[in-house]
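Each chain, letter by letter, is given below.
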Amino acid sequence: MRMPDGMRRDSLRRIAVLAASLTFILSAVFTVGPALSQQPPGPQQAAAANRTKLLTSPGVFGVFAMYKISPDYYRLSAAERRGAAAEVTATIARHAERVIVDAYLTRGLSGASDYFLRVHSDDLSAAQAFLVDFRATRIGQHSVVTENLFGVTKALNYITKQKSPELNAALGASPYAGDPPRYAIVIPTKKSAEWWNLSTEQRLKEMETHTQPTLAYLPLVKRKLYHASGLADADFVTYFETNDLTAFNELIIALLSVPENKYNLRLGNPTTVGTIRSVEDVVKALSVTP
């Protein structure tokens, strides 16, 4: 049956309106994807702390945290312990903008500790925040702190270009030239009141005598000094790296033989020796059932 002309025109108008609406809806739907892809990217990952700058600049805090693994760590399943390294690595990554972390294995070389971490930051609270988070990791929860040492780096106090130009030049002329260091040694030192009551000129003379015998060992032993007076029980924390422990032993004997040694109330106690490892390697080594 043929539809009347009026009804047919009305139907055609309705179809046209419906088609226009459908076209608008489809247009809106298919423009959502490209519109979203053009949104500005999310915040970029924060840049990591500048390792070279933190290890060479004055005014940087170094924290040495020594730990002993609790026996109950080895009651965890092997799968749980296998995941410990990744957990620590992720914790370091979360703090990478403010701190750098180095790890050392002391098990087998020390009865007091199994490992230690050396943490650097230009803000002591940033180093503290990392160490607090580290204690929340699986291995951190099962570690006992055996020693905490920290200090701040400073420019040279005594053997400077102005005060002792010849010795200063000699220090700069003998860079480390040995094989890549495998060992790290940490030695805290406490000076007597007599030392601090010497005049600046007298302390300079003592430090020149202290420095002279060390020159022969500079190509074999690296050294970094942290000032700790008022911050910790020690006055200084000295960090050494070497691949030649015999040379290091001879260096310490030479330092024990200089007159300045009589002002030391504490030298070591503890002296901590460890092998230089990656954080992941240290955690994995300690996560194997002993």
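These numbers were taken from a predicted model, which means no experiment stands behind them.

Peer 1: How should the nonpolar core be read in this particular structure?
Peer 2: In summary, soluble globular proteins display a tendency toward joint burial of nonpolar side chains. Counting residues in each nonpolar core, the largest one holds 28 residues, and the members touching the most others are Leu117, Val119 and Phe130. Of all elements in the fold, only strand E1 (61–69), helix H4 (84–94), strand E2 (100–105), strand E3 (115–121), helix H5 (124–135) and helix H11 (279–286) reach the threshold of two or more residues within this core. Looking at this core, the element that brings in the most residues is H5, giving 5 residues.

Peer 1: Help me understand the environment of threonine 153, please; the structure alone is not making it clear to me.
Peer 2: Turning to its location among the elements, threonine 153 is positioned in the loop between strand E4 (143–152) and helix H7 (165–172). Residues threonine 153 and valine 60, spaced 93 residues apart in sequence, show a C-alpha to C-alpha distance of 5.4 Å. Once residues lying within four places of it in the same chain are set aside, the contact partners of threonine 153 are Ser57, Pro58, Gly59, Val60, Lys224, Leu225 and Tyr226.

Peer 1: Looking at this structure, I do not really get the pattern of salt bridges. What am I missing?
Peer 2: For side chains bearing opposite charge, pairing can occur when the charged atoms are close. All told, the structure shown has 11 salt bridges when counted by the stated rule. Aspartate 102 serves as the salt-bridge partner of arginine 51, at 2.8 Å between the closest nitrogen and oxygen. Taken together, the residues arginine 51 in helix H2 (residues 51–56) and aspartate 102 in strand E2 connect sequence positions 51 residues apart. A salt bridge links lysine 191 to glutamate 260, with the nearest nitrogen and oxygen atoms 2.1 Å apart.

Peer 1: Help me understand the environment of tyrosine 104, please; the structure alone is not making it clear to me.
Peer 2: Structurally, tyrosine 104 is set in strand E2. By relative accessible area, which is 1% here, tyrosine 104 ends up buried. Considering only alpha carbons, one finds tyrosine 104 and arginine 182, 78 residues apart in sequence, at a separation of 9.8 Å. Beyond its immediate chain neighbours, meaning those up to four positions away, tyrosine 104 contacts Asp114, Tyr115, Phe116, Arg118, Ala184, Tyr239, Glu241, Thr275, Ile276 and Val282. At 2.9 Å, the side chain of tyrosine 104 and the side chain of tyrosine 239 are in polar contact.

Peer 1: Would you take a moment to explain the packing of aromatic side chains for this structure?
Peer 2: When we look at a pair of aromatic rings, we describe it by the centre distance and by the angle of the planes. Scanning all chains against the criterion turns up 12 aromatic pairs. Each ring, one from tyrosine 115 and one from phenylalanine 134, has its centre 6.4 Å from the other, and the planes form 75 degrees; the classification is edge-to-face. Taken together, the residues tyrosine 115 in strand E3 and phenylalanine 134 in helix H5 connect sequence positions 19 residues apart. Here the aromatic residues Phe64, Tyr104, Phe116, Tyr226 and Tyr239 are joined through ring pairs into a cluster of three or more. Positioned over the ring face of tyrosine 239 is arginine 118, at 3.9 Å from the centre of the ring. If you follow lysine 191 out to its NZ or CZ, it ends over the ring of tryptophan 195, 4.7 Å from the centre.

Peer 1: What should I look at first to understand unusual backbone geometry in this one?
Peer 2: If a residue is not glycine, its phi is most likely negative; likewise, a peptide bond is most likely trans. Residue proline 270 follows asparagine 269 across a cis peptide bond; omega there is 10 degrees. Relative to the helices and strands, proline 270 is located in the loop between strand E8 (264–267) and strand E9 (272–277). A positive phi is found at asparagine 269, a non-glycine position, where the angle reads about 55 degrees. Here asparagine 269 shows up in the loop between E8 and E9.

Peer 1: Would you take a moment to explain helix H10 (residues 245–256) for this structure?
Peer 2: Residues three or four positions apart in an α-helix share a direction because the helix packs 3.6 residues into each turn. Look at H10: 16 Å from first C-alpha to last across 12 residues, which is about the 16 Å you get at 1.5 Å a residue. Residues of H10 that are buried: Ala247, Phe248, Leu251, Ala254 and Leu255. Buried residues of H10, viewed axially, fall in a sector of 120 degrees; they line one side. Packed against the buried residues of H10 are strand E5 (183–191), helix H9 (200–211), strand E6 (221–227) and strand E7 (236–242). At the N-terminal end of H10, a side-chain oxygen is found 3.2 Å from the backbone nitrogen of threonine 246, two or three residues along, and the residue is aspartate 244.

Peer 1: It is not clear to me how the side chain of serine 164 should be interpreted in this structure. Could you clarify?
Peer 2: You can see serine 164 is positioned in the loop between E4 and H7. Overall, the relative accessible area of 6% leaves serine 164 in the buried class. Those residues in contact with serine 164, other than ones at most four positions away along the chain, are Tyr158, Ile159 and Glu208.

Peer 1: Help me understand the pairing of E1 in this model?
Peer 2: Remark: a regular strand shows side chains that alternate across the two faces of the sheet. The buried fraction of E1 is high, at 8 of 9 residues. The sheet contact formed by E1 and E3 spans 7 bridges and is antiparallel. Looking at E3, one finds that phenylalanine 61 is bridged to serine 121. Here E1 runs beside E4; their pairing, made up of 9 bridges, is antiparallel. Residue pairing in the sheet places glycine 62 in a bridge with glycine 151 of E4.

The rules behind each value
Residues numbered from 1 in each chain as written. Predicted model: local features only at pLDDT ≥ 70, side-chain atom pairs only at ≥ 80, totals over all residues. Heavy atoms only, no water. Core = buried A, V, L, I, M, F, W, Y, C linked by side-chain atoms within 4.5 Å. Buried < 20%, exposed > 50% of the residue type's maximum accessible area, 1.4 Å probe, protein only. Helix = DSSP H or I, 4+ residues; strand = E, 2+ residues; numbered from the N terminus. Contact = heavy atoms within 4.5 Å. Salt bridge = Lys/Arg side-chain N within 4 Å of Asp/Glu carboxyl O. Polar contact = N/O pair within 3.5 Å; in protein donor to acceptor, adjacent residues only side chain to side chain. Phe/Tyr/Trp six-rings, centres within 6.5 Å; stacked < 30°, edge-to-face > 60°. Lys NZ or Arg CZ within 6 Å of the ring centre and 35° of its normal. Expected span 1.5 Å × (residues − 1). Arc of directions from axis to C-beta. Pairing = 2+ DSSP bridges.

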